[in-house]
Amino acid sequence: MQRAHITIFDTTLRDGEQSPGCSMNVQEKLRLAHQLDLLGVDVIEAGFPIASEGDFNAVQAIAAAIRRPTIAGLARACAPDIDRAWQALKDAAHPRIHVFLATSDIHLQYKLKISRQQCLEQARDAVRHAKSFCEDVEFSPEDATRTDPEFLYQLLEAMIEAGATTLNIPDTVGYCTPADFGQFIQNIGQRVRGIEKVTISAHCHNDLGLAVANTLAAIVAGARQVECAINGIGERAGNAALEEIVVTLRVRSDQYPYETSVFSEHLFATSQLLSETTGVSVQPNKAIIGRNAFAHAAGIHQDGMIKNPLTYEIMTPQSVGVPDSTLVLGKHSGRHALSLRCEQLGHQFDRRELDEIYRRFVVLADKIKTVTDQHLQELIRETRGAGHRIPPAHVEAHPPAAASAAVGQNVGYFQKSVPASAGELHSSTLSLTPVSEHHGEQEDYLWGV
Ligand code: KIV
Ligand code: ZN
């Protein structure tokens, strides 16, 4: 059966970056963007170019360097923002301008101080303006889920006429339940004239812990793009976690007949690279990529795992890139093992750079018994700080088959397919060292026109 494709729109570098402590500089964003490309996301929202010089430069650098995915830049519904976004995006192979304007009465009255009619006209002018530069235009009615539905349908129709190609429906304040949000998306699919010409997208916040559930409900109701962030970072309680959406679609493909282009075996490395870059670690029990996600502590569980991993695991750690803990790094380890572990943590080096890392590694390993992931990350940071050029994780072309060979093939439990091997069992018990906390400065993003 042909499975519908779900476009994965990654907003780690935009909405994600808005979460406290998660702001990133140009080099950091570029490195993450290379990793997101490797991960296989369809769209990278690289930033909000009008927000700061740094964000403009980051979007421009990503647009120039990352050629496979669409690169999106955010703009408020006004000409200066859109012009600035286009300046940053114009060299992208696949640029997208993402325009947003609040539409709920509470935002119109208190924040923007404009009427519904003014809102509609401003949004229409903005989308037309964006369209004059770029074929691919996304429009988001901010606070859509608290907007009067009849007004929202009217406004969305106007956006389609003005040339929007994607209509993104944000649950900006994370108020919806899955039943609400699914119904909301379904109503849009049925009530908005011309909706079949555009892609419906969902953008869910996690204030009630329902962002992923709401996103899945939106897919079932007809959304074909989902906006999400690695580790679920984003404003306040965050955005829907990319890794949870993608893996749920694979593990429960019996309920979700959809596919994505994400190579799930890169999820762990991407999560690690983000945590290491921002200094914001994920909770240990975080689904998919938390350090306890594949740890089994209770005797009964351990017994079950030894007899058959399917007793307590619904996916293999390898399928989401959790490294094999049996590979212990110490003074007897070689360059190959070191390079492999670096790769699993989201870093790839050429020979010369690996030599430098290896030289430092040997000195450290001589002093301590075991070099943990945390040690290794510090060592990479130090080497970088010492002025050695560490390139971003580079982009590889994957054969199309690789995507389906990821999680979908070894979900086991519900589909009763391939059981995990003894090697997979070992890595289930690994314990990962959390990265240290540090809080960078948060950019002030000029919300509201
Ligand atoms: O949450 C939100 O409404 C947003 C929009 C800018 C899409 O992030
Ligand atoms: Zn948001």
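Residues numbered from 1 in each chain as written. Chains lettered and ligands numbered in written order. Predicted model: local features only at pLDDT ≥ 70, side-chain atom pairs only at ≥ 80, totals over all residues.

Visitor: Help me understand the overall build of the protein chain in this model?
Guide: Counting its secondary structure elements, the protein chain contains 16 helices and 10 strands. Going through the 449 residues of the protein chain one by one, you find that 50% of them count as buried. Taking all contacts inside the protein chain whose residues are at least 6 apart in sequence as the whole, residues at least 24 apart take part in 75%. (Helix = DSSP H or I, 4+ residues; strand = E, 2+ residues; numbered from the N terminus. Buried ≥ 20, exposed ≤ 12 C-beta atoms within 10 Å, placed from the backbone. Contact = placed C-beta atoms within 7 Å.)

Visitor: Help me understand the site of ligand 1 in this model?
Guide: Taken together, Asp 15, Phe 100, Ser 140, Glu 142, Asn 168, Pro 170, Thr 172, His 203 and His 205 make up the full set of residues near ligand 1. Elements that contribute at least two residues to the shell around ligand 1 include exactly β6 (137-142) and β7 (166-171). (Near = placed C-beta within 6 Å.)

Visitor: I tried to follow the pairing of strand β9 (residues 225-228) on my own but got confused; where do I start?
Guide: Walk down a regular strand and you will see the side chains alternate between the two sheet faces. Neither face of β9 is left uncovered, since the one carrying Gln 225 and Glu 227 and the one carrying Val 226 and Cys 228 both have all their residues buried. Alignment of strand β8 (residues 199-204) against β9, held across 3 bridges, turns out to be parallel. By the bridge assignment for β9, Ser 201 is matched with Gln 225. (Pairing = 2+ DSSP bridges.)

Visitor: Help me understand the packing of helix α1 (residues 26-39) against helix α2 (residues 53-65), please; the structure alone is not making it clear to me.
Guide: Two measures define how a pair of helices packs: the angle their axes make with one another and the distance between the axes. Relative to each other, α1 and α2 sit at 35 degrees, their axes nearing to 9 Å. Here α1 and α2 pass one another in a crossing that is right-handed. Between α1, through Val 26, Lys 29, Leu 30 and Ala 33, and α2, the contact on the second element is made entirely by Gly 54, Asn 57, Ala 58, Ala 61, Ile 62 and Ala 65. Tallied by class, residues from the contact of α1 with α2 come to 7 nonpolar, 2 polar and 1 charged. (Axes fitted to C-alpha atoms, helices over the stretch in contact; angles between N-to-C directions. Left-handed = near helix turned anticlockwise from the far one by under 90°. Nonpolar A, V, L, I, M, F, W, Y, C, P; charged D, E, K, R; others polar.)

Visitor: Hey, could you run me through the sheet that holds strand β2 (residues 7-10) in this one?
Guide: Picture the strands of a sheet paired through backbone hydrogen bonds; they go either parallel or antiparallel. An order of β2-β3-β4-β5-β6-β7-β8-β9 is seen for the 8 strands of this closed barrel, with the pairing classed as parallel. With strand direction ignored, the average angle separating the axes of adjacent strands in the sheet is 25 degrees. Note: β6 against β7, 2 bridges, orientation parallel. Across the sheet, Glu 138 pairs through a bridge with Thr 166, a residue of β7. Packing against the sheet, α2 makes contact with β3 (43-47), β4 (70-76) and β5 (95-102), and its axis sits at approximately 150 degrees to β3. In this fold helix α8 (residues 211-220) packs onto β7, β8 and β9, with an angle of close to 165 degrees to the strand it touches most, β8.

Visitor: Can you walk me through the nonpolar core in this structure?
Guide: Soluble globular proteins tend to bury their nonpolar side chains together. Of all hydrophobic cores here, the largest spans 115 residues; its most connected members are Ile 44, Ala 46, Ile 62, Val 99, Ile 185, Val 226 and Ile 245. If one sorts the elements of this core by residue count, α8 sits on top with 7 residues. Domain assignment of the residues forming this core places at least three in each of domain 1 (4-278) and domain 2 (295-446). (Core = buried A, V, L, I, M, F, W, Y, C linked by C-beta atoms within 7 Å. Domains from an automatic or database assignment.)

Visitor: Please explain the pairing of β7 as it appears in this structure.
Guide: Within β7, 6 of the 6 residues are buried, which leaves the element mostly enclosed by the surrounding structure. The alternating pattern of β7 places Thr 166, Asn 168 and Pro 170 and Leu 167, Ile 169 and Asp 171 on opposite faces, both of which are buried. Read from β6 through helix α6 (residues 149-162) to β7, the crossover connection turns out right-handed. As paired strands, β7 and β8 are joined by 6 bridges and run parallel to one another. Within β8, the position partnered with Asn 168 by the bridge is Ser 201. In this fold, the crossover linking β7 to β8 by way of helix α7 (residues 178-191) has right-handed handedness. (Right-handed = clockwise from strand over helix to strand, strands pointing away.)

Visitor: Any chance you could explain the confidence of the model for the protein chain here in plain terms?
Guide: For any part of a model where pLDDT is low, the fine detail of the predicted coordinates should not be relied upon. Averaged over all residues, the pLDDT of the protein chain equals 86, while 85% of them reach at least 70. Confidence over residues 389-449 falls short of pLDDT 50; this stretch has 141 contacts with residues more than four positions distant or in other chains. (pLDDT = per-residue confidence, 0-100.)

Visitor: What is the right way to read the environment of Phe 181 from this model?
Guide: By the secondary structure assignment, Phe 181 is in helix α7. Between the alpha carbons of Phe 181 and Thr 215 there is a distance of 8.2 Å; along the sequence they are 34 residues apart. Residues within four places of Phe 181 in sequence aside, it is in contact with Thr 145, Asp 171, Cys 176, Cys 204, Asn 214, Ala 217 and Ala 218.

Visitor: For this particular structure, what's the right way to read the packing of α2 against helix α3 (residues 79-89)?
Guide: At a minimum axis separation of 7 Å, α2 and α3 run at an interaxial angle of 40 degrees. Relative to α3, α2 is oriented oblique. Residues Phe 56, Val 59, Gln 60 and Ala 63 of α2 form the contact with α3, whose own contacting residues are Arg 84, Ala 88 and Leu 89. In terms of residue class, the contact of α2 with α3 is built from 5 nonpolar, 1 polar and 1 charged. (Parallel < 35°, antiparallel > 145°, perpendicular 65-115°, else oblique.)

Visitor: Mind showing me how you'd approach α8 here?
Guide: Owing to its 3.6 residues per turn, the α-helix brings residues three or four apart onto one side. Summarising burial for α8: 9 of the 10 residues are buried, a large majority. Every buried residue of α8 is accounted for by Ala 211, Val 212, Ala 213, Asn 214, Thr 215, Leu 216, Ala 217, Ala 218 and Ile 219. Against β7, α7, β8, β9, α9 (242-251) and β10 (258-259) lie the buried residues of α8. Of the residues one or two after α8, Gly 222 is the one with positive phi, at around 125 degrees.

Visitor: Would you explain unusual backbone geometry in this entry?
Guide: Outside of glycine, negative phi angles account for most residues, and trans bonds account for most peptide bonds. Residue Lys 113 is not a glycine yet carries a positive backbone phi of 55 degrees. The backbone of Ile 288 shows a phi angle near 70 degrees, a positive value even though the residue is not glycine. With respect to the helices and strands, the residue Ile 288 is situated in the loop between α10 (267-278) and α11 (299-307).

Visitor: Help me out: how do you make sense of helix α5 (residues 116-133) in this one?
Guide: Counted at 1.5 Å a residue, the expected span for α5 with its 18 residues is 26 Å, and the 26 Å between its end C-alpha atoms agrees. Cys 119, Ala 123, Arg 124, Ala 126, Val 127, His 129 and Ala 130 are the residues of α5 that are buried. (Expected span 1.5 Å × (residues − 1).)

Visitor: Can you help me understand the environment of Glu 121 in this one?
Guide: Inspection of the secondary structure assignment puts Glu 121 in helix α5. Along the chain, Glu 121 and Leu 155 lie 34 residues apart, while their C-alpha atoms are 9.1 Å from each other.

Visitor: Would you take a moment to explain the environment of Gln 60 for this structure?
Guide: When you line up the elements, Gln 60 lands in helix α2. Look at Gln 60 and you get buried, because 22 C-beta atoms sit within 10 Å.

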